[in-house]
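So the chains spell out like this:
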Amino acid sequence: MTRWMHDTFPGHEVNLVFARGLSLEALTAGLREMHREPLAHGEADEWAWMVHDMITEADGYREADYRRVCPEGAEVVVFVTEPCSAKAHGPMFMYLRDGRGTLSFSFEDVEQRVGENPDYMSAELLAAHLIGPEAWCAKADTDDDHDCFDHHYDDEDRLVRAIAHCFSLPSPPLSREVTAK
C-alpha cells in the first residue's frame, strides 16, 4: 500500500483514511472542516475511504485530528504514507475507535506501539513475524554482505497486509482514475 501511494499523487504527501460506521459524506465533510480536500475517495467492503494531503497551509501545517471524524460507534484507520519524506521517516499507522486513539505506531519501529490498547493487534503482528523473536532478520547476524534494507519494502508490504487483514480493509489499488469523483 505504501509503494502504490507514493506515485499515485505526484507532488502530494498523502494520508489514506478508512472509516467504518461513518458514511463517506460524513467522512469527507469532517475532513473538509479540517481543510483536507479529497484527492480521491470512495466506499468498499463496509469502509468509506479518502486520500487527502497530509498537511495544508490553511491549517498551519498541523496534522489532522482524526478524533473529530470518529464518533461513538465508528472506527477510523489511517495510513500516514510519508510523515516526513524530506527527513526520510517511515509511514505511520493509527487506529481510532469511538473517537479515542486505540493504537498507533511508526512503520520504522512496530515494537513501539502506543494508544489506549497498544496490544490491540499484537497477535496479528506476531503471526506475521513483524514483532517477537521471529521478526529479526537472521541474515543480519550471519551474512556480512546482507543489507536488511534490501527487504525493507517487502516488510512494509507484510505490515500493510497484516493491518488490512486485521481490519478487513478493502484492497488497493484504490486508483484515482477509477474511484475519484
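Predicted model only: the values in this text are computed from it and were never measured.

Asker: Any chance you could explain the side chain of Thr 102 here in plain terms?
Answerer: Assignment of secondary structure puts Thr 102 in strand S6 (residues 100-106). On the accessibility criterion, Thr 102 (9% relative accessible area) is buried. Not counting residues within four places of it along the chain, the set of residues in contact with Thr 102 comprises Tyr 95, Leu 96, Arg 97, Val 114, Gly 115, Glu 116, Asn 117, Pro 118 and Tyr 120.

Asker: I'm lost on the pairing of strand S4 (residues 75-80) in this one. Help?
Answerer: Successive residues of a regular strand alternate their side chains across the two faces of the sheet. Summarising burial for S4: six of the six residues are buried, a large majority. Of the two faces of S4, the one carrying Glu 75, Val 77 and Phe 79 and the one carrying Val 76, Val 78 and Val 80 are both buried. Two elements, strand S1 (residues 14-20) and S4, share six bridges in a ladder whose sense is antiparallel. Residue pairing for S4: Leu 16 is matched across the bridge by Phe 79.

Asker: What am I meant to see in the sheet that holds S1 here?
Answerer: Two pairing modes exist for strands in a sheet, parallel and antiparallel, and in both the strands are linked by backbone hydrogen bonds. The six strands are arranged S2-S3-S1-S4-S5-S6 in an open sheet whose pairing can be described as antiparallel. Of all strands in the sheet, those bounded by a partner on one side alone are strand S2 (38-44) and S6. Between one strand and the next, the sheet's axes are offset by a mean angle of 15°, whatever the strand orientation. Bridging between S2 and strand S3 (residues 47-53) involves six bridges; their strand directions are antiparallel. Among the inter-strand pairings, Glu 43 is bridged to a residue of S3, identified as Ala 48.

Asker: Help me understand the packing of aromatic side chains in this model?
Answerer: Centre distance and the angle of the planes are the two values used to describe a pair of aromatic rings. Under the definition given, this model contains nine aromatic pairs. Between the aromatic rings of Phe 18 and Phe 79, the centroid separation amounts to 6.4 Å while the plane-to-plane angle is 80°, which identifies the pairing as edge-to-face. Of the two residues, Phe 18 sits in strand S1 while Phe 79 sits in strand S4, which places them 61 residues apart along the sequence. Here the two residues Phe 18 and Phe 79 agree in accessibility, since each one is buried.

Asker: I tried to follow the pattern of salt bridges on my own but got confused; where do I start?
Answerer: Close approach of charged atoms lets side chains of opposite charge pair. Applying the stated criterion to the full structure yields seven salt bridges. Salt-bridge contacts for Asp 155 lead to Arg 158; the nearest nitrogen and oxygen are separated by 3.2 Å. Placement of the pair is Asp 155 and Arg 158 together in helix H5 (residues 152-167), with a separation of three residues, close to one helical turn. The exposure class assigned to Asp 155 is partly exposed, which follows from its relative accessible area of 26%. Here the salt bridges share partners, and the residues they tie into one network are Arg 20, Glu 75 and Arg 97.

Asker: Mind showing me how you'd approach unusual backbone geometry here?
Answerer: Excluding glycine, residues mostly have negative phi values, and the peptide bonds linking residues are mostly trans. Positive phi values are uncommon outside glycine, yet Asp 98 reaches one of about 55°. Tracing the chain through its elements places Asp 98 in the loop between strand S5 (92-97) and S6. Here Ser 168, not a glycine, exhibits a phi torsion of approximately 55°, which is positive. With respect to the secondary-structure elements, Ser 168 resides in the loop between H5 and helix H6 (176-179).

Asker: Would you mind showing me how to read the nonpolar core here?
Answerer: A general feature of soluble globular proteins is that nonpolar side chains tend to end up buried together. Among the nonpolar cores identified, the biggest contains 27 residues, and Val 77, Phe 79, Phe 93, Ile 163, Phe 167 and Leu 169 are the most heavily contacted of them. Top contributing element to this core by residue count: H5, with six residues. Not counting chain neighbours up to four residues away, the residues in contact with Val 77 comprise Leu 16, Val 17, Phe 18, Trp 47, Phe 93, Met 94, Tyr 95, Phe 167 and Leu 169. Ala 48, Cys 70, Val 76 and Val 78 belong to the second largest nonpolar core, which has 20 residues in total.

Analysis parameters
- Residues numbered from 1 in each chain as written.
- Predicted model: local features only at pLDDT ≥ 70, side-chain atom pairs only at ≥ 80, totals over all residues.
- Heavy atoms only, no water.
- Helix = DSSP H or I, 4+ residues; strand = E, 2+ residues; numbered from the N terminus.
- Buried < 20%, exposed > 50% of the residue type's maximum accessible area, 1.4 Å probe, protein only.
- Contact = heavy atoms within 4.5 Å.
- Pairing = 2+ DSSP bridges.
- Axes fitted to C-alpha atoms, helices over the stretch in contact; angles between N-to-C directions.
- Phe/Tyr/Trp six-rings, centres within 6.5 Å; stacked < 30°, edge-to-face > 60°.
- Salt bridge = Lys/Arg side-chain N within 4 Å of Asp/Glu carboxyl O.
- Core = buried A, V, L, I, M, F, W, Y, C linked by side-chain atoms within 4.5 Å.

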